[in-house]
Amino acid sequence: MNILVACKIVPDDQDVKVAGDGSLDFSRAHKVVSTYDLNAIEAAAQIAAANDGSTVKAISVGPKKADDSKTKKNILARGVDELFLAADDALDGLDAFATAAELAKLAAKAGDWDVIVTGDGSADLYAKQTGVQLAAKLGVPFVSGVVSAEAADGKLVAKRLLESEEETVEVPLPAVVSVAPEFAEPRIAGMKDILAAGKKPMNVEGAEGAPAKAVEEVSVKAPAEVDRKKEMFDDVDAFAAAVKAAL
Amino acid sequence: MSKAFVIAETENGARELCAGARKLADEVVLVSVGAPVSGAADKSFHIDVPAGNIADDAYVTVNKIYDAEGGDVVLGEQTLRALSLVGRLAAKLGAAAITGVSAVEGGVATSMYFGGTGVREAKAAGDVAVYTFGPGVFDASEATGTDAVEEAAFEAPENAVAKTGSEALPPSDVNLAGADAIVACGRGFGAEEDLQLARDLAAKLGAELACSRPLAEGVDWFPREAYVGVSGAVVSPKVYVAVGISGQMQHMVGCNGADVIVAVNKDKNAPVFKACDYGFVGDLKTVLPALTAAL
Ligand SMILES: Cc1cc2nc3c(=O)[nH]c(=O)nc-3n(C[C@H](O)[C@H](O)[C@H](O)COP(=O)(O)OP(=O)(O)OC[C@H]3O[C@@H](n4cnc5c(N)ncnc54)[C@H](O)[C@@H]3O)c2cc1C
Ligand SMILES: Nc1ncnc2c1ncn2[C@@H]1O[C@H](COP(=O)(O)O)[C@@H](O)[C@H]1O
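All values reported here derive from a predicted model rather than from experimental measurement. (Residues numbered from 1 in each chain as written. Chains lettered and ligands numbered in written order. Predicted model: local features only at pLDDT ≥ 70, side-chain atom pairs only at ≥ 80, totals over all residues. Heavy atoms only, no water.)

### Observations concerning the overall build of chain B
Move 1: The number of helices and strands found in chain B is 7 helices and 15 strands.
Move 2: Expressed as a percentage of contacts within chain B between residues at least 6 apart in sequence, the contacts between residues at least 24 apart total 62%.
Move 3: Counting every atom, chain B has about 11500 Å² of accessible surface; 48% of that belongs to carbon and sulfur.
Move 4: Where the 22 positive side-chain charges of chain B centre and where its 38 negative ones centre are 6 Å apart. (Helix = DSSP H or I, 4+ residues; strand = E, 2+ residues; numbered from the N terminus. Contact = heavy atoms within 4.5 Å. Areas by Shrake-Rupley, 256 points an atom, 1.4 Å probe, with all protein chains shown as cover. Lys, Arg positive; Asp, Glu negative; His and termini not counted. Charge placed at Lys NZ, Arg CZ, Asp CG, Glu CD.)

### Looking at the overall build of chain A
Move 1: When helices and strands are counted, chain A shows 6 helices and 15 strands.
Move 2: Counting only C-alpha atoms and orienting by the principal axes, one finds that chain A spans roughly 65 × 40 × 40 Å.
Move 3: When burial is assessed residue by residue, chain A has 52% of its 247 residues classed as buried.
Move 4: Taken as a whole, chain A presents about 10700 Å² of accessible surface, with 50% of it coming from carbon and sulfur.
Move 5: Seen as two clouds, the 28 positive and the 41 negative side-chain charges of chain A have centres 4 Å apart. (Buried < 20%, exposed > 50% of the residue type's maximum accessible area, 1.4 Å probe, protein only.)

### Observations concerning the interface of chain A and chain B
Move 1: Facing the 75 residues of chain A at the interface are 81 residues of chain B.
Move 2: Of the roughly 6700 Å² buried between chain A and chain B, counting both surfaces, carbon and sulfur atoms make up 59%.
Move 3: When residues of chain A are sorted by the area they lose upon contact with chain B, A:Arg228, A:Phe239 and A:Leu247 head the list and together hold 11% of the total.
Move 4: Connecting chain A to chain B are 8 salt bridges.
Move 5: Where chain A touches chain B, the interface holds 38 residue pairs in polar contact (both at pLDDT 80 or more).
Move 6: When its residues are assigned to classes, the side of chain A that touches chain B shows 41 nonpolar, 9 polar and 25 charged.
Move 7: Relative to strand E7 (residues 118–124) of chain B, strand E14 (residues 215–221) of chain A runs antiparallel, the two sharing 6 bridges. Residue pairing in the sheet places A:Val220 in a bridge with B:Arg120 of E7(B). (Buried area = accessible area lost by both parts, 1.4 Å probe. Salt bridge = Lys/Arg side-chain N within 4 Å of Asp/Glu carboxyl O. Polar contact = N/O pair within 3.5 Å; in protein donor to acceptor, adjacent residues only side chain to side chain. Nonpolar A, V, L, I, M, F, W, Y, C, P; charged D, E, K, R; others polar. Pairing = 2+ DSSP bridges.)

### Regarding the site of ligand 1
Move 1: Near ligand 1 there are 27 residues, and of these B:Arg187, B:Ser212, B:Ser231, B:Ser246 and B:Asn265 occur at the shortest range.
Move 2: Chains contributing residues near ligand 1 are chains A and B.
Move 3: For ligand 1, an oxygen atom lies 3.5 Å from a polar atom in the backbone of B:Gly232.
Move 4: Put simply, the parts of the chain that give the shell around ligand 1 at least two residues each are helix H1 (35–49) of chain A together with helix H6 (249–252) of chain B. (Near = heavy atom within 4 Å.)

### Things to note about the nonpolar core
Move 1: Counting residues in hydrophobic clusters, the biggest one holds 41 residues, and the most contacted among them are A:Ile3 and A:Ile75.
Move 2: Tallying contributions element by element places H1(A) first for this core, with 7 residues.
Move 3: A:Ile75 has contacts with A:Cys7, A:Ile9, A:Val33, A:Ile41, A:Ala58, A:Val80 and A:Leu83, leaving out every residue within four places of it along the chain.
Move 4: Of all hydrophobic cores here, the second largest spans 38 residues; its members include B:Val183, B:Cys211, B:Val239 and B:Val243. (Core = buried A, V, L, I, M, F, W, Y, C linked by side-chain atoms within 4.5 Å.)

### Structural notes on the domain arrangement of chain B
Residue and element names in this part refer to chain B.
Move 1: In terms of domain boundaries, chain B breaks down into domain 1 (3–152) and domain 2 (181–294).
Move 2: One C-alpha centre belongs to domain 1, the other to domain 2, and the line joining them spans 35 Å.
Move 3: Tallying the contact residues gives 5 residues for domain 1 and 4 residues for domain 2.
Move 4: Between domain 1 and domain 2, the buried area comes to about 340 Å², and carbon and sulfur atoms account for 66% of it.
Move 5: The three residues of domain 1 that bury the most area against domain 2 are Met112, Gly115 and Gly116, which together make up 75% of that side's buried surface.
Move 6: Scanning the region where domain 1 abuts domain 2 turns up 0 salt bridges. (Domains from an automatic or database assignment.)

### A short note on the pattern of salt bridges
Move 1: The tally for this structure, following the rule as stated, stands at 29 salt bridges over all chains.
Move 2: With a shortest N-O distance of 2.8 Å, A:Glu42 and A:Arg187 are connected by a salt bridge. Here A:Glu42, found in helix H1, pairs with A:Arg187, found in the loop between strand E12 (175–179) and helix H5 (191–197); they are 145 residues apart in sequence, far enough to count as distant.
Move 3: Across the pair B:Lys64 and B:Glu155 runs a salt bridge, and its minimum N-O distance is 2.8 Å. You can see B:Lys64 sitting in helix H2 (residues 59–69) and its partner B:Glu155 sitting in the loop between strand E9 (149–152) and strand E10 (162–168), a full 91 residues away along the chain.
Move 4: Residue B:Lys64 is classed as partly exposed on the basis of its relative accessible area, which comes to 45%.
Move 5: By relative accessible area, B:Glu155 is classed as partly exposed at 34%.

### Focus: the pairing of strand E4 (residues 73–77) of chain B
All names here are of chain B.
Move 1: Among the 5 residues that make up E4, 5 are buried, leaving the element largely enclosed by the rest of the structure.
Move 2: Here E4 shows a buried face lined by Val73, Leu75 and Glu77 and a second buried face lined by Val74 and Gly76.
Move 3: Where strand E1 (residues 3–8) and E4 come together, 4 bridges link them in parallel fashion. Following the sheet pairing, Ile7 is matched in E4 by Gly76.
Move 4: As paired elements, E4 and strand E8 (residues 129–133) share 5 bridges and run parallel to each other. Note on E8: the bridge partner recorded for Leu75 is Tyr131.

### Looking at the packing of helix H6 (residues 236–246) of chain A against helix H7 (residues 284–294) of chain B
Describing two packed helices takes the angle between their axes plus the distance from one axis to the other.
Move 1: Remark: H6(A) packs on H7(B), axes separated minimally by 9 Å, with the N-to-C direction vectors making an angle of 60°. Between H6(A) and H7(B) lies a crossing of right-handed hand. Of the residues in H7(B), those touching H6(A) at A:Val236, A:Asp237, A:Phe239 and A:Ala240 are B:Ala290, B:Leu291 and B:Ala294.
Move 2: When its residues are assigned to classes, the contact of H6(A) with H7(B) shows 6 nonpolar, no polar and 1 charged. (Axes fitted to C-alpha atoms, helices over the stretch in contact; angles between N-to-C directions. Left-handed = near helix turned anticlockwise from the far one by under 90°.)

### Structural notes on the site of ligand 2
Residues and elements named next belong to chain A.
Move 1: Surrounding ligand 2, one finds 19 residues, the nearest of these being Ala6, Asp37, Val61, Ser122 and Thr130.
Move 2: Residue Lys128 places a main-chain N or O atom 2.8 Å away from an oxygen atom belonging to ligand 2.
Move 3: Here an oxygen atom of ligand 2 and a backbone polar atom of Gln129 are 2.9 Å apart.
Move 4: For ligand 2, the accessible surface in isolation is 480 Å², of which the surrounding protein chains cover 98%.
Move 5: Residues belonging to the shell around ligand 2 are distributed by class as follows: 7 nonpolar, 8 polar and 4 charged.

### What to know about the confidence of the model for chain B
Move 1: Per-residue confidence for chain B gives a mean pLDDT of 97, with 100% of residues at or over 70.
Move 2: Interface scoring of the predicted complex returns ipTM 0.97; its pTM is 0.97. (pLDDT = per-residue confidence, 0-100.)

Shown next as structure tokens:
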């Protein structure tokens, strides 16, 4: 089976600073793979491992800074064979419609594929929309919330965890599936995997032009701070008394 | 006359969104793929999804209804199935949904960025704005409309997904909504048996037990209903005790409504100490039994 996995490279929100005007400063944040896309990569690798002769290729769209050697190796150290990355500041902060259009171009460059795996939702937008937009763009089926999947003659037999039920489905391929984090815990990549990753093919390109925006960002600000006492205790009895008084 | 087009799966979702749609447009059209919903919109459609199909594939019909009815603004419910339908319609319109919206004012929608690390304002660039809302943004009891519900026939797409089975999830006994006190467990709990320490504390406080997201889905020590945060439960007890929780925004936005936040963490630099009222630095394995005994 030829599997593509879409993963987003985002700034690490642990490194975000609040600027004087209340806006968020991401300029010094490290680039990381969006949290739940690590689960998607692992899901893709596991589906590949269960089907002899499978390949896994990662596709990603982001700003110039997404072309980060450590992050690229981190993706390729997780059972991914090849990376297709479009990194250009014209591709920064795209909405799901524009992202899907760019991902579709990368998918075409990555060769024949049977299934595109996406994560539960991106760390920044958490919109859960890119997968279905990509499916619409490509004219293929889409299912979300997938917690397990097995390949069976031209289709994927999958279980979906929905809000109040678990649904079993047969998805004709090619298709886009969005996996829930429960599908698989990301592996810890070892030194050997990371070294090997550096030798795998990385196809990095710029944008052909700035895609039109379907959504315009007006502002991003730090949230209003909730006032808290921040009182530290080192005596358990005093701590217990404070907790008790609050009840 | 402006028109709102509502896509919903659950009845409560349909009513909430229709109530919200009234504030954004003069006329409200509802399409529901769950139960038929009456008395919530000016025009109400119901798509009966055949047992062998998935509701997500009702998009062919939903998009046809949109073609016939139109709409300047689309409001979608944030269930996985409705999100699929919203995405298919947005794709057709050349739009992208702004999701997790908490307020819309003059065409500008407010939602969280990086799970609460930021607050984002955004607006649709095209003619049709598409938003999705989680539960509780609008008041379902305010919905009004016609009692007539029109049936719209489900039309399968090419390459339809086949539904071969479905099992209801076991009902959970988690009840965080009305709790006065909550003890929440995080990844600081290294072993499942250590949770007993949290249970003992909760018993003493008359508290409900909750958790951070990794304890409900990486390991399944807790049901999904028990995790607090941006993608989980939003709670507002009198006291929230966060134990072995680092205090990342994605978690804290779920408990910021608590009157008092108490934190126990072995790392004195854990962000949770900047967001709590009372903090104690120490290993939960020694601090919890001591705290329980002292109460
Ligand atoms: C899109 C998105 C949505 C998310 N939604 C949610 C959400 O709704 N809810 C949620 O909770 N998370 C959510 N997350 C995950 C969130 O970002 C954090 O990863 C998660 O909250 C961390 O959980 P934690 O604090 O239990 O674990 P960690 O961050 O691993 O923290 C464990 C803490 O335990 C402490 N510790 C370790 N051992 C001990 C000990 N013996 N005694 C005392 N302390 C100890 C450590 O010092 C550390 O601070 C989301 C993430 C994303 C990307
Ligand atoms: N820029 C991107 N590059 C690659 N994959 C992406 C990108 N944006 C979103 N995705 C994929 O789509 C999923 C859903 O993203 P979202 O719709 O932003 O919540 C993510 O988990 C990724 O798998």
